[in-house]
Amino acid sequence: MRANLGFFALSFVLILGTALGRFVVEKNNLKVTSPDSIRGIYECAIGNFGVPQYGGTLVGTVVYPSSNQKACKNFEDFDVSFKSKPGHLPTFVLIDRGDCYFTLKAWNAQRAGAAAILVADNKVEPLITMDTPEEDNADAEYLDKITIPSALISKSLGDSIKSALSSGNMVNMNLDWTESVPHPDERVEYELWTNSNDECGKKCDTQIEFLKNFKGAAQILEKGGYTQFTPHYITWYCPESFLLSKQCKSQCINHGRYCAPDPEQDFTKGYDGKDVVVQNLRQVCIFKVVNDTGKPWIWWDYVTDFAIRCPMKEKKYTKECADDVIKSLGIDLKKVDKCIGDTEADVENPILKAEQESQIGKGSRGDVTILPTLVVNNRQYRGKLEKGAVLKAICAGFQETTEPAICLTEDLETNECLINNGGCWRDGAANITACRDTFRGRVCECPTVQGVKFVGDGYTHCKASGALHCGINNGGCWRETRNGHTYSACIDDHSKDCKCPPGFKGDGVKKCEDVDECKEKVACQCPECKCKNTWGSYECSCSSGLLYMREHDTCIGKVGATKLSWSMLWILIFALAAASLSGYALYKYRIRSYMDSEIRAIMAQYMPLDSQPNTASTGPHMDI
């Protein structure tokens, strides 16, 4: 049975090698700064263990041990230590490839105090990725304890470094991960190629532990719109010659189209590979359903809850247990089942077919052949699958100054603005600085405070501009208060210049001096005027009881002015009285004339008036 399993597993590997033929070795830069004979920039391959300093750099000096040069044994046995002395650069240990696992070399170097390990290849070939050993082949208890970064360098570079060291030269270098992850904009796109199998040993345990520990950070990033996460699952197809075999039927669904290795690597017990494929498909469908509802972060709740509630070792790795978890999270079970489809039908499953196509590398990503694999901004992550290490890689994918707060914690980076303000401009009085902490370091950028934009180079000067800028440290202009009077050289409009107010002269920035209007004869200059200078203004008085008129800079008499005022008042009163009497007389006259005309009109109706002719008799009048 073991032989059949081995042959079947080998078939999977061969198929994978044929279908996914482009594995990309992820690299970072190594810059040798001394000696001059080997100074330059070289490529090195990032090891798939330890904690690469994504987004950062590490400077150190190289040491090639005189014994245990392959680091397959504990350096304590050779009384060798790589711990840096105070004031010295960290130690990078150069180790030869061969005789033991890369991880063991790194672990021994780390225990001896090395800050990083450089493994020199022992043959001329393209760089490869140093990976962790398989569980069956090595005791992997120390794997989770490796924290130093590792890199594989070419044989030629290794020989050059050894030659320089043997000549008595100090070899200093800079390991640079700043461009290991692309960082084009303010959102990071990342994907995790994983597996629902929890019986594959140390790697499965590490993977499940990572999902539990990283869930909180992942959901914060996703809910805030900072990231776009997508889970993926690797499947293989069964060779045509094995389609009717017991092994293929137990490991595959949809008639051999989608397969996974047996969880326990034993066809006679436990769960089968097809159980893993179906659960993988269910997890992809759950992500699709919750993503369509705008809540993709619920996927993290499902996979962690399923791992806790439905483990294989408790015989709960079933559809019934999965459905209970789905219902508890409020996910639409009918949509999930519809997405899964008929796994026994001789048809293609569009979801799993898309997953197989996604395994093929596109652009700079390369093919996915290692489980688990994390891809950040289309670049495969190399290093320990651990919350802090992965979060560093994701944070390195943000464009500088756009990182969320979770990336700027003390656990992930050092705030360079706390030391000498990062060498940036700072206004101590207003507590305003141009230093902006970022995951990659710091930038000197004039800030915007309370809606006021500061402009400048960010290093030596920043100045408030625009409306309301006087509210921020008085716009950087002069301002002073004396005896309850405050004067400012800031003009609260869109101008940027500082201008001393009337009564002062100066540059408006550092100082404005009082103008002595009396001494400079710019005011209070009439013959009767007496001038006294004050701060920001002047006082002018008149002799002989005269009154000073500031608008005309002249003095007038107070008495004359008083008499003139009373005369004008009496004239006004008399004029008003005369106008009133004239109006009243005119009113009375018009009323009387109106009444007379009315009376005459009435009397004319009853008797002739003297003024009217007699029309009743036409002959001479005779007396009797």
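Student: Is there a simple way to explain the overall build of the protein in this structure?
Tutor: Regarding its fold elements, the protein presents 12 helices and 28 strands. Counting the 624 residues in the protein, one finds 44% classified as buried. When contacts within the protein are restricted to residue pairs at least 6 apart in sequence, long-range pairs at least 24 apart make up 63% of them. When the accessible surface of the protein is totalled, it reaches about 33,900 Å², and 53% of it is carbon and sulfur.

Student: Would you mind going over empty space enclosed by the protein with me for this structure?
Tutor: Remark: the empty space left among the atoms is shown by a probe the size of a water molecule rolled over them. Here the structure, examined in full by the defined rule, presents 2 cavities of 30 Å³ or more. As a volume, the largest cavity reaches approximately 110 Å³. When contributions to the lining of the largest cavity are tallied by element, the ones reaching two or more residues are helix H4 (202-223) and helix H7 (298-309). For the lining of the largest cavity, the leading source of residues is H7, giving 4 residues. Its residues assigned to classes, the lining of the largest cavity comprises 9 nonpolar, 4 polar and 1 charged. Considered as a void within the structure, the second largest cavity measures approximately 30 Å³ in volume.

Student: Would you mind going over helix H11 (residues 387-395) with me for this structure?
Tutor: Given 3.6 residues per turn, any residue in an α-helix points the same way as the ones three and four places further on. Here H11 lies mainly inside the structure; 7 of its 9 residues are buried. Of the positions making up H11, those classed as buried are Ala 389, Val 390, Leu 391, Lys 392, Ala 393, Ile 394 and Cys 395. Summarising the contacts, the buried residues of H11 are in contact with strand S8 (188-194), H4, strand S9 (227-233) and strand S12 (373-376). For H11, the capping residue at the N-terminal end is Glu 386, with a side-chain oxygen 3.1 Å from the backbone nitrogen of Gly 388.

Student: What am I meant to see in the sheet that holds strand S7 (residues 172-176) here?
Tutor: The strands making up a sheet are joined through hydrogen bonds of the backbone, oriented either antiparallel or parallel. Within the closed barrel, the 7 strands sit side by side as S1-S2-S6-S5-S4-S3-S7. Their pairing is mixed. Strand-to-strand twist across the sheet, computed as the mean angle between neighbouring axes with direction ignored, equals 40 degrees. Judged from the 4 bridges that link them, strand S5 (residues 116-120) and strand S6 (residues 150-153) form a sheet pairing that is parallel. What sits directly across from Ile 117, in S6, is Ser 150. In the packing of helix H2 (residues 102-111) onto the sheet, contacts are made with strand S4 (91-96) and S5, and the angle to S5 comes to roughly 140 degrees.

Student: How should the confidence of the model for the protein be read in this particular structure?
Tutor: Predicted coordinates in areas of low pLDDT are best not read in detail. Averaged over every residue, the pLDDT of the protein is 84; the share at 70 or more is 88%. Every residue in residues 560-565 is under pLDDT 50, and counting partners more than four places away or in other chains gives 0 contacts. pLDDT under 50 marks residues 609-624. Its contacts with residues more than four places away, or in other chains, come to 5 contacts.

Student: What should I look at first to understand the pairing of S12 in this one?
Tutor: The side chains of a regular strand alternate between the sheet's two faces. Burial along S12 is two-sided: the residues Thr 373 and Val 375 and Leu 374 and Val 376 are all buried. Relative to strand S13 (residues 379-380), S12 is paired through 2 bridges, and the arrangement is antiparallel. Pairing of Val 376 across the sheet is with Arg 379, part of S13. From the end of S12 to the start of S13, which pair antiparallel, there are 2 residues, and Asn 377 there has a positive phi angle of about 50 degrees.

Student: What exactly am I supposed to notice about the side chain of Asp 301 here?
Tutor: Within the element layout of this structure, Asp 301 appears in helix H7. Take Asp 301: its relative accessible area is 19%, and that puts it in the buried class. A polar contact is formed between the side chain of Asp 301 and the side chain of Gln 219, at a distance of 3.1 Å. Not counting residues up to four positions away in its chain, the partners in contact with Asp 301 are Lys 215, Gln 219 and Leu 329.

Student: I would appreciate a short explanation of the side chain of Asn 280 in the present structure.
Tutor: Considering the arrangement of structural elements, one finds Asn 280 in helix H6 (residues 273-292). We classify Asn 280 as buried; its relative accessible area is 1%. Residues in contact with Asn 280, not counting those within four places in the same chain, are Asn 195, Ser 196 and Tyr 233.

Student: Just checking my understanding: could you explain the state of the cysteines for this structure?
Tutor: Here is the idea: a disulfide is a covalent bond, and it sits between the sulfur atoms of two cysteines. The final tally for this structure, using the stated rule, is 16 disulfides. Note on cysteine connectivity: Cys 395 is disulfide-linked to Cys 407, with sulfurs 2.0 Å apart. Judged by the torsion about the S-S bond (-80 degrees), the Cys 395/Cys 407 disulfide is left-handed. One end of the pair, Cys 395, is in helix H11; the other, Cys 407, is in the loop between H11 and strand S14 (426-427), with 12 residues separating them in the sequence. In terms of burial, Cys 395 and Cys 407 fall into one category: buried. At a sulfur-sulfur separation of 2.0 Å, the disulfide partner of Cys 500 is Cys 512. Residues Cys 500 and Cys 512 are joined through a disulfide that is left-handed, its torsion about the S-S bond being -90 degrees. In this pair, Cys 500 sits in the loop between strand S22 (485-488) and strand S23 (504-506) while Cys 512 sits in strand S24 (residues 512-514), placing the two residues 12 residues apart along the sequence. An identical accessibility class is assigned to Cys 500 and Cys 512; each is buried.

Student: I keep staring at the pattern of salt bridges and nothing clicks. Help me out?
Tutor: Pairs can form between side chains of opposite charge whenever their charged atoms are close. As enumerated under the stated definition, the model contains 19 salt bridges in all. Across the pair Lys 288 and Asp 292 runs a salt bridge, and its minimum N-O distance is 3.6 Å. Taken as a pair, Lys 288 and Asp 292 lie in helix H6 at a separation of 4 residues, close to a single helical turn. A salt bridge links Glu 520 to Lys 505, with the nearest nitrogen and oxygen atoms 3.4 Å apart. A residue pair is termed long-range when its members are at least 10 positions apart, and Glu 520 in the loop between S24 and strand S25 (529-534) and Lys 505 in strand S23 qualify at 15 residues. On the basis of relative accessibility, which here comes to 41%, the residue Glu 520 falls in the partly exposed class. Among the charged side chains, a network of salt bridges with common partners joins Arg 97, Asp 121 and Glu 125.

Here is what the cut-offs are and how they apply
Residues numbered from 1 in each chain as written. Predicted model: local features only at pLDDT ≥ 70, side-chain atom pairs only at ≥ 80, totals over all residues. Heavy atoms only, no water. Helix = DSSP H or I, 4+ residues; strand = E, 2+ residues; numbered from the N terminus. Buried < 20%, exposed > 50% of the residue type's maximum accessible area, 1.4 Å probe, protein only. Contact = heavy atoms within 4.5 Å. Areas by Shrake-Rupley, 256 points an atom, 1.4 Å probe, with all protein chains shown as cover. 1 Å grid on protein atoms, 1.4 Å probe; cavity = no way out; pocket = protein on both sides within 12 Å on 5 of 7 lines; lining within 4 Å. Points joined across faces, edges and corners; volume = space filled by probe spheres on them. Nonpolar A, V, L, I, M, F, W, Y, C, P; charged D, E, K, R; others polar. Polar contact = N/O pair within 3.5 Å; in protein donor to acceptor, adjacent residues only side chain to side chain. Pairing = 2+ DSSP bridges. Axes fitted to C-alpha atoms, helices over the stretch in contact; angles between N-to-C directions. pLDDT = per-residue confidence, 0-100. Disulfide = S-S within 2.5 Å. Salt bridge = Lys/Arg side-chain N within 4 Å of Asp/Glu carboxyl O.

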